[in-house]
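# A closer look at the structure
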Amino acid sequence: MKLSRLPLLFALAACSGLVPSRMVRAVEVGLVEVDGGARESSTPRRLLARIDFEDNEQFPMELPAGWKRVLSSRTSDDNTHAGVPDLPNFGTVRADRDIGRPNDSNEHRWALQFMVDGASIAVASDPKSLRVEPGAQLLLSAWTRTKELRHAVVRVALQFADAAGKPLGEPYVGDGIRSEADWRQLRLELPPAPAATAGAIVWLELVQPKSLHAADPTRFVIAENDIRGTAFFDDVEVWQLPTVGFEARGDGIVEPGASATLLMRCSDPKSPSTTASIRVRDASGGIVYQTQHDIASSKSIEVAMPLLPTGWYEAEARFTAETEDIALRRARFAVLPRDPFEPDEPPRFGASLGSIEMPVAPAIGLARAAFVVLPVWSASTETRTSRREIDALRTKVAALLDRRIEPMFRISGVPSHLAREHRLDESDTLALLALGEERWRPALEPWLLAFGQDVNRWFLAENPVEADRPELVERVRSIALVLQKSIAGPSVAIPWDPSEVPDQGMSAELANGRNVLELVADPAWRESAGSLYEGFAAGADGMVRIVPLPPGLVDDRERAIDLALRAIDAWRAGFDDVAIDVQSDALPPIPGPPLELAAWRQVSTRLCGRRLIAEIPVAEGVRALLADGDRGTVLVLWNERGTESAELAVALGDGALLATDLWGRSTKVEPRAEGHRLVVGREPLFVEGVSREMCLFRSAFKADPTFAVARRAAQEGALVLGNPWDVPLSGTLTVLAPDALAISPKTHAFTIDPQGEARFPVQFGVPRALAAGPTTVRVAIDAVAREPLRTTLEAQLEVGMRGVEVEHAWRLARSIESGSVDLVLTLRVTNAGDQAIDLEAFAVADGYAQNKKPITALPPKATATRVFHFADGARRLSGRDIRAGVHDGDADARLLKRIPVPPLLPPVMVRAPETTDLDSSR
């Protein structure tokens, strides 16, 4: 499904009645399956009008009856619309024979022909010729073809009208196209007709680029108008769709202990009643409830759901009449848990709204925001008559303050009249504020006087400012001084690109004052794993605004997971405030909270007021972060390897735990003999009630050193165990794995003082056949602190060769001599040390003799390339691996890589390999 740019509150505007733009895109209708699910759609049920222009065969007219040419003239009674503001009397419109779309009904192939003469052209139907009932949902379609058009487009539009034929608002406009090759159909689905509707006006339009720019000055247009060309329209149809409503009561937010209620209606123009089959799925896609209800036409019913566990749900209603599918609708709802804490302690999570028209109620009740950033100035702001805007803003601010949510203001744009007056770009707010105070403060004064006592943090722009902007620090300092005249202790926030490191002057300004950098983390940084925050001041000196993934790149679930992991990256970097960027430019089609909202609520609820303590080793490929705060501990876990869930058993304390997934579903986890059993997927899992001491006990175990070289000689090291309890810890440590290292001694008795540490000397050997990379040292602990404890601990030991880096690549090549497909392996060996080295590169595989190639006196930072040839390798090595690497004879050290070859061809039997020095354990 297609979602908006905002993963958190982008759908909240839809939940709360924000009306989208009337520039409606053309859509397909019909119940079709896409992306594994059914698209929301309706089936045309009653034909209200069909215009094929064939009447002109009997009653020839240049412009058929019921249609008129629309011109933009001061003296004309014709009305243009905002989408095509300039319609001069250029070009010709007429109906003609033998030019229409060929089909069985168009015997003489009449069609309407637009002949271009450098300008846009539009015709409109008589509003009284098409009768439409209030609430009716229409589908407009028309067939079109163009000839020799290069820049102009053709499109359809529909405008509702009252009983007198007066238009009710602007038309709904479909997408424009050109179709030079053949006839194509334009389709436009309309929302329900307004209450005063009695008719409708159909528009057929040829629109030039300059008209599009005049309708929307922000549209970048470089193309000139077409001077000549032709467009054809035929088979215009208006269908009435079933009027269907399906949503959850209360914007889909179900309070703790309550059940969700679904509201539905279906008015089908062909049937007195319809049947709604309802299926409710949880966040994993599993069906949790099914039911079926009959609905009388023009009536509404309510369906109460059973009490469902906390979490996010999506309901699907398939409406049928006499076994015929007529509509499919979906609605979302979230059952909230009982967690009455106030999210006002840092670190905090909030929302940054992209439009002041967006409602703040969702940010309060759904997102559980601790703060909300409101854009108080934009290009459309009218500062000369500001009372209405300030009164509306005062209501929003009061709603936030009543719930102890901090309001913040953003100057996101320069009001258009100020931009014209000072010759500034409307998006360059810093340029305006850099002018003399007397040139902008009078315009901002009403906002400062109204909200100066309630709003302390003011953001200077929407987009990141240029780090190399002249006198940036001085400008920020002067703006803060001006705000200080109306605000006690103002904080100025500067949007910042994380790729730009602040200079010393900006860093000093942030350290000495209350100003902060707002790091704008757009989707380009999503793979950085938090590295983008390195070098920036965290805590109260910085904040992060996360821009979600664009719609359509991934599905709902992946967008929610991406949002959560990026929020966790900002949280563990230590920032006090993390916000989600909320835009209303593309509202979702499904009413109720989106899946991303459930994710954001869980991140906010579980991490607010809790700071990162340590990363805890629990299982290979599973990340686990321990956090603590006034509300106790939480362990955040997610699986970084693959899409499959990992099942693990780990001791995290003596008592039961509460595990809550990203979608809000909570499970009580009782301790077992092997520990607490958890299922960890790609999405974060929040486990509350874990023992802080037990988690730190796990993180304190390590191997020292953490790096070992593969060589014959025995090596010495130590196993390190810490005691995080405030009482002595006594017991035994027993080495369980890996057997390949032959760690000795295997058993150690200990008594460790409170908050102390013990080191257990060991000897071990690294087999030359052990591949480079991490290997896990696992031990069993049988000890007593306050209570007896038995658990296993793990530590990572990296096996490799210091100062040497090996990269590999392979390709297939056909042999000229044999015709077989050979495998060619390339090793790139880099000396990362500070002295020249002598090495021997090698490669071997089952059924092949070991191949060695020397690398002599490789200088520091230099790279040598060695190539190895495996005859008929595509077949003989299919599904097997190659063992390759380098050997240092002086240090008796070896770096081995196992290079897997995917199944390329059916494998062949190979003889058992001869034992080589590579395969020996010592």
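Data block above holds the structure.
To keep things clear, this report deals only with the structure shown in the data block. All values reported here derive from a predicted model rather than from experimental measurement.

Cut-off values and rules
Residues numbered from 1 in each chain as written. Predicted model: local features only at pLDDT ≥ 70, side-chain atom pairs only at ≥ 80, totals over all residues. Heavy atoms only, no water. Helix = DSSP H or I, 4+ residues; strand = E, 2+ residues; numbered from the N terminus. Buried < 20%, exposed > 50% of the residue type's maximum accessible area, 1.4 Å probe, protein only. Contact = heavy atoms within 4.5 Å. Arc of directions from axis to C-beta. Polar contact = N/O pair within 3.5 Å; in protein donor to acceptor, adjacent residues only side chain to side chain. Phe/Tyr/Trp six-rings, centres within 6.5 Å; stacked < 30°, edge-to-face > 60°. Lys NZ or Arg CZ within 6 Å of the ring centre and 35° of its normal.

## Things to note about the environment of glycine 879
Mapped onto the elements, glycine 879 comes out in the loop between α13 (873–876) and β51 (881–888). Looking at glycine 879, the relative accessible area reads 51%, which means it is exposed. Sequence-wise, glycine 879 and leucine 904 are 25 residues apart; in three dimensions their C-alpha atoms are separated by 7.2 Å. Not counting chain neighbours up to four residues away, the residues in contact with glycine 879 comprise Val901, Pro902 and Pro903.

## Re helix α9 (residues 504–512)
If you check which residues of α9 are buried, you get Met506, Glu509 and Leu510. All buried residues of α9 lie within an arc of 95° about the axis, which places them on one face of the element. Turned more than 90 degrees away from the buried face of α9 sit Gln504, Ala511 and Asn512, all of them exposed. Between a side-chain oxygen at the N-terminus of α9 and the backbone nitrogen of glycine 505 the separation is 3.2 Å; the capping residue is aspartate 503.

## A short note on the packing of aromatic side chains
Enumeration over the complete set of coordinates arrives at 12 aromatic pairs. Aromatic pair tyrosine 313 and phenylalanine 333: ring centres 5.3 Å apart, planes at 20°, arrangement stacked. Remark: phenylalanine 333 occurs in strand β22 (residues 324–335) and tyrosine 313 occurs in strand β21 (residues 311–321); sequence separation between them is 20 residues. With respect to class, tyrosine 313 is no different from phenylalanine 333; both count as buried. Note on tyrosine 533 and phenylalanine 575: the rings are 5.3 Å apart at their centroids and 65° apart in plane angle, and the pair reads as edge-to-face. Here tyrosine 533, found in the loop between β28 (516–521) and β29 (539–546), pairs with phenylalanine 575, found in strand β30 (residues 575–582); they are 42 residues apart in sequence, far enough to count as distant. By the ring-pair criterion, three or more aromatic residues cluster together here, those being Phe409, Phe451 and Trp458. Just above the ring of tryptophan 143 sits the side chain of arginine 101; from NZ or CZ to the centre is 3.8 Å. Sitting over the ring of phenylalanine 842, arginine 894 keeps its end group 4.8 Å from the ring centre.

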